[in-house]
Amino acid sequence: MASPVRLVVLGRQGAGKGTQCARLAQHYGALHISTGDMLRAAVAEGTEFGRKANEYMSAGDLVPDDVMLGVVTDRLAKPDAVEHGFLLDGYPRNVSQAEALDGMVGADGIDRVIDIDVPLEVVLERIKGRARSDDNEEAVRRRLELYETQTRPLTAFYEARGKMATVDGVGSEDEVFERLRKVIDEGSQRS
Ligand code: ADP
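The structure contained in this document is the topic of the report that follows. No experiment lies behind these values; they were computed from the predicted model shown. (Residues numbered from 1 in each chain as written. Predicted model: local features only at pLDDT ≥ 70, side-chain atom pairs only at ≥ 80, totals over all residues. Heavy atoms only, no water.)

### Overview of the site of the ligand
Close to the ligand lie 19 residues, the nearest being Thr35, Asp61, Gly90, Arg93 and Arg143. A distance of 2.8 Å separates a nitrogen atom of the ligand from a polar backbone atom of Gly90. Protein burial of the ligand: of its 540 Å² of free accessible surface, 97% is covered by the chains. Among the elements that take part in the shell around the ligand, helix H2 (residues 35-45) stands out by supplying four residues, more than any other. (Near = heavy atom within 4 Å. Polar contact = N/O pair within 3.5 Å; in protein donor to acceptor, adjacent residues only side chain to side chain. Areas by Shrake-Rupley, 256 points an atom, 1.4 Å probe, with all protein chains shown as cover. Helix = DSSP H or I, 4+ residues; strand = E, 2+ residues; numbered from the N terminus.)

See below:
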């Protein structure tokens, strides 16, 4: 049997990360681990943790790194993630989180980092059409800005390790899925 995939998926807000990760997870029999979904679940449960996280999320800010470290460390250590592999969606979001991820899985613990690339003007149009509670205009603008300043540097970080791949995220859902699948399958043949 093929070994489990361990992937990080990057892409600005509205790039289609969530949708594509769900499909890829199914295709590769891996887990879709979305830190945004995990945080939203905590908010919906109304826990103290969720209440705190929501203060950052509704403002479009990042939840502090030390908090995220705990959340992601616990999740990746669960037997299902170890056994089936994962697509990490929403983490890491800055270089400090990428270094923390190294600590969790080892410097060579991720097979590939894929950026789903969609131009700013296209994601702005797409985001207009969705209705999440943290999608107010100000918070979206702030998240897109943070993406450029905090998350974009991860491209160079992973490029230096030969892990980085960029996939054109403009096109139909099926087209983008096929491009992703190709990149992932080629990557695993090389290793
Ligand atoms: P988006 O990509 O639209 O920002 P996500 O679902 O990935 O949506 O995340 C929603 C919110 O959850 C973020 O705006 C942020 O406040 C918080 N969040 C998710 N992942 C992280 C992370 N790795 N570090 C800090 N905050 C995070």
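After that view of the structure, there is still more to cover.
### With respect to the packing of H2 against helix H4 (residues 65-77)
Any two packed helices are characterised by how steeply their axes cross, that is the angle between the axes, and by the distance between the axes. Running from N to C, H2 and H4 point in directions that differ by 105°, and their axes come no closer than 11 Å. By the criterion of interaxial angle, the relationship of H2 to H4 is roughly perpendicular. Residues Thr35, Met38 and Leu39 of H2 lie in contact with H4, whose contacting residues are Met68, Val71, Val72 and Arg75. Grouping the amino acids of the contact of H2 with H4 by side-chain chemistry returns five nonpolar, one polar and one charged. (Axes fitted to C-alpha atoms, helices over the stretch in contact; angles between N-to-C directions. Parallel < 35°, antiparallel > 145°, perpendicular 65-115°, else oblique. Contact = heavy atoms within 4.5 Å. Nonpolar A, V, L, I, M, F, W, Y, C, P; charged D, E, K, R; others polar.)

### Looking at the sheet that holds strand E1 (residues 5-10)
With respect to topology, five strands assemble into an open sheet ordered E2-E3-E1-E4-E5, the strand pairing being parallel. With partners counted over all chains shown, the strands left at the sheet margins are strand E2 (31-34) and strand E5 (164-168), one partner each. Going from strand to strand, the sheet's axes swing by 25° on average, the running direction of each strand aside. The pairing of strand E4 (residues 112-117) with E5 spans five bridges and is parallel. Within E5, the position partnered with Val113 by the bridge is Met164. (Pairing = 2+ DSSP bridges.)

### Let's talk about the nonpolar core
Side chains of a nonpolar character, in soluble globular proteins, are inclined to be buried together. By size, the foremost hydrophobic cluster in this structure holds 25 residues, and its most contacted members are Leu76, Phe86, Leu88, Leu101 and Tyr158. Contributing elements (two or more residues each) for this core: E1, E2, helix H3 (48-59), H4, strand E3 (85-89), helix H6 (95-105) and helix H9 (153-159). Membership of the second largest hydrophobic core comes to 24 residues, among which are Val5, Leu7, Ile127 and Val176. (Core = buried A, V, L, I, M, F, W, Y, C linked by side-chain atoms within 4.5 Å. Buried < 20%, exposed > 50% of the residue type's maximum accessible area, 1.4 Å probe, protein only.)

### Concerning empty space enclosed by the protein
A full pass over the atoms with the stated rule returns two cavities of 30 Å³ or more. Within this model, the largest cavity holds a volume of roughly 50 Å³. Looking at the lining of the largest cavity, the elements that each hand over two or more residues are E1 and helix H8 (137-151). As a volume, the second largest cavity reaches approximately 40 Å³. Around the second largest cavity, the lining residues are Asp102, Gly106, Ala107, Asp108, Gly109, Ile110, Tyr158, Arg161 and Lys163. Taken together, the residues that form the lining of the second largest cavity break down as three nonpolar, two polar and four charged. (1 Å grid on protein atoms, 1.4 Å probe; cavity = no way out; pocket = protein on both sides within 12 Å on 5 of 7 lines; lining within 4 Å. Points joined across faces, edges and corners; volume = space filled by probe spheres on them.)

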